[in-house]
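Okay, here's what each chain looks like letter by letter:
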Amino acid sequence: MTFTRAIKIAPSILSADFANFGAECEAIEAQGCDWVHVDVMDGHFVPNITFGPSTCAAIRKHIKGVMDVHLMIAPVDSYIDAFAASGADVITAHLEAGPHIHRTLQAIRATGAKAGLALNPGTGIDAVAHLLDMVDLVCVMTVNPGFGGQKFIQSQVDKMRALRAMIGDRPIHIEIDGGVTVETAPLVAAAGADVLVAGSAVFKGGSVANPAPYGANIRAIRAAAEAAQG
Ligand code: DX5
Ligand code: ZN
């Protein structure tokens, strides 16, 4: 993974056909996405359950590019090696998921994966200042994690701008997750985001049998973001 601030579109397979993940991953890559975003939920840290490392390992075979694994689980540390072994390129843990985020980030980097730090909408960026040398990506949640298709939380845009200033020239991605659409993509790109996760806005209107809408949706979000990127 070479670092660049170019806009990257990362479809969340939370909005894909769960019975057909392999073909869905191949379809979104063929339609021009940059990363594949994989949402892991435990029914404890968030009020929804998706899947674990064995599913990640199974879909890895169908992803040529970056597999971006977003862990919405607590505890995290005991599962890091399993997700790294599944082939994740980026492993993101939540600041709110445990008392020892510094140790968690160290453990992620020790596997060779890139380390991501996710912040819930109610969490400020102060703690990030003490972790800047530990992270490769900060994920600003623009919905409360747990479900796709929720409304974008506008107040997070100022937080992104402040985070972008804090990061400066460091090679740290800013990822936005939740409620990204053609309408909200310009706001987050202008505020400094370079990785745009989008579930419902990418998968709407398409299917494995009819993947062209995936491509049209990805191109529309990318064009809106690129036009606004500072
Ligand atoms: C929310 C997940 C997101 C979600 C995004 O907990 O982390 O990745 O699937 O879905 P949309 O783009 O539909 O808000
Ligand atoms: Zn996510």
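Residues numbered from 1 in each chain as written. Chains lettered and ligands numbered in written order. Predicted model: local features only at pLDDT ≥ 70, side-chain atom pairs only at ≥ 80, totals over all residues. Heavy atoms only, no water.

Right, let's get into the layout of surface pockets. The space that makes up the largest pocket amounts to roughly 250 Å³. Lining the largest pocket are 26 residues, and of these Gly-148, Gly-149, Asp-177, Gly-178 and Gly-179 sit closest to its centre. Residue assignment for the lining of the largest pocket shows that the elements contributing at least two residues are strand S2 (35-41), strand S3 (66-72), strand S8 (195-198) and helix H7 (200-203). A class-by-class count of the residues in the lining of the largest pocket yields eleven nonpolar, 13 polar and two charged. (1 Å grid on protein atoms, 1.4 Å probe; cavity = no way out; pocket = protein on both sides within 12 Å on 5 of 7 lines; lining within 4 Å. Points joined across faces, edges and corners; volume = space filled by probe spheres on them. Helix = DSSP H or I, 4+ residues; strand = E, 2+ residues; numbered from the N terminus. Nonpolar A, V, L, I, M, F, W, Y, C, P; charged D, E, K, R; others polar.)

Turning our attention to the pairing of S2. Extensive coverage of S2 is indicated by the burial of seven of its seven residues. Summarising the sheet, S2 and S3 pair through seven bridges and their orientation is parallel. The residue of S3 that forms the bridge with Val-38 is Val-69. After leaving S2, the chain enters helix H2 (residues 53-60) and then returns to the sheet as S3, a path that is right-handed. (Buried < 20%, exposed > 50% of the residue type's maximum accessible area, 1.4 Å probe, protein only. Pairing = 2+ DSSP bridges. Right-handed = clockwise from strand over helix to strand, strands pointing away.)

It is worth spelling out the site of ligand 1 at this point. Around ligand 1, the structure places 20 residues, and the nearest of them are Asp-39, Gly-146, Asp-177, Gly-199 and Ser-200. A distance of 3.1 Å separates an oxygen atom of ligand 1 from a polar side-chain atom of Ser-12. At 2.8 Å, a backbone N or O of Gly-149 approaches an oxygen atom of ligand 1. In isolation ligand 1 offers 380 Å² of accessible surface; the protein chains occlude 99% of this area. At a threshold of 2 Å from the grid points, most atoms of ligand 1 map onto the largest pocket. (Near = heavy atom within 4 Å. Polar contact = N/O pair within 3.5 Å; in protein donor to acceptor, adjacent residues only side chain to side chain. Areas by Shrake-Rupley, 256 points an atom, 1.4 Å probe, with all protein chains shown as cover. Sits in = over half its atoms within 2 Å of the grid points.)

Our focus in this paragraph is the UniProt feature "active site" (unreviewed entry) in the protein chain. As recorded in UniProt, the feature "active site" (unreviewed entry) lies at Asp-39 and Asp-177. On the basis of their most widely separated C-alpha atoms, the annotated residues across 139 residues gather in one place, lying no more than 10.4 Å apart. Cross-referencing the annotated residues with the lining of the largest pocket gives Asp-39 and Asp-177. Taking relative accessible area as the criterion, Asp-39 reaches 5% and is therefore assigned buried. Excluding residues that lie within four positions of it along the chain, Asp-39 makes contacts with Ser-12, Leu-14, Thr-50, Phe-51, His-70, Met-72 and Asp-177. (UniProt positions renumbered as here; feature names shortened; annotations may be inferred. Contact = heavy atoms within 4.5 Å.)

Once that is clear, we can look at the UniProt feature "binding site: a divalent metal cation" (unreviewed entry) in the protein chain. Under the UniProt annotation, "binding site: a divalent metal cation" (unreviewed entry) lies at His-37, Asp-39, His-70 and Asp-177. These annotated residues cover 141 residues of sequence, and their C-alpha atoms all fall within 10.4 Å of one another, placing them together at a single site. The subset of the named residues that lines the largest pocket consists of Asp-39, His-70 and Asp-177. Mapped onto the secondary structure, His-37 falls in strand S2. Classification of His-37 as buried rests on a relative accessible area of 0%. Topologically, His-70 is positioned in strand S3. Once residues lying within four places of it in the same chain are set aside, the contact partners of His-70 are His-37, Val-38, Asp-39, Val-40, Thr-92, His-94, Ala-118, Met-141 and Asp-177. Separated by 3.4 Å, the side chains of His-70 and His-37 make a polar contact.

Every protein donor of the zinc ion (ligand 2) is accounted for by His-37 (NE2), Asp-39 (OD), His-70 (ND1) and Asp-177 (OD), and the metal-donor separations fall at 2.0 to 2.3 Å. Here the zinc ion (ligand 2) binds six donor atoms, and the angle range of 68 to 172° at the metal identifies the geometry as octahedral. Each donor residue of the zinc ion (ligand 2) belongs to the same chain, with the gaps between them written as H-x1-D-x30-H-x106-D. Placement of the pair is His-37 in strand S2 and His-70 in strand S3, with a sequence separation of 33 residues. In terms of burial, His-37 and His-70 fall into one category: buried. (Donors = N, O, S within 2.8 Å, 3.2 Å for Na, K, Ca; no water. Tetrahedral: all angles 85-135°; square planar, octahedral: opposite > 155°, others 65-115°.)

This next bit is on unusual backbone geometry. For the bond from Ala-74 to Pro-75, the omega torsion is 0°, close enough to zero to count as cis. Here Pro-75 is to be found in the loop between S3 and helix H3 (80-85).

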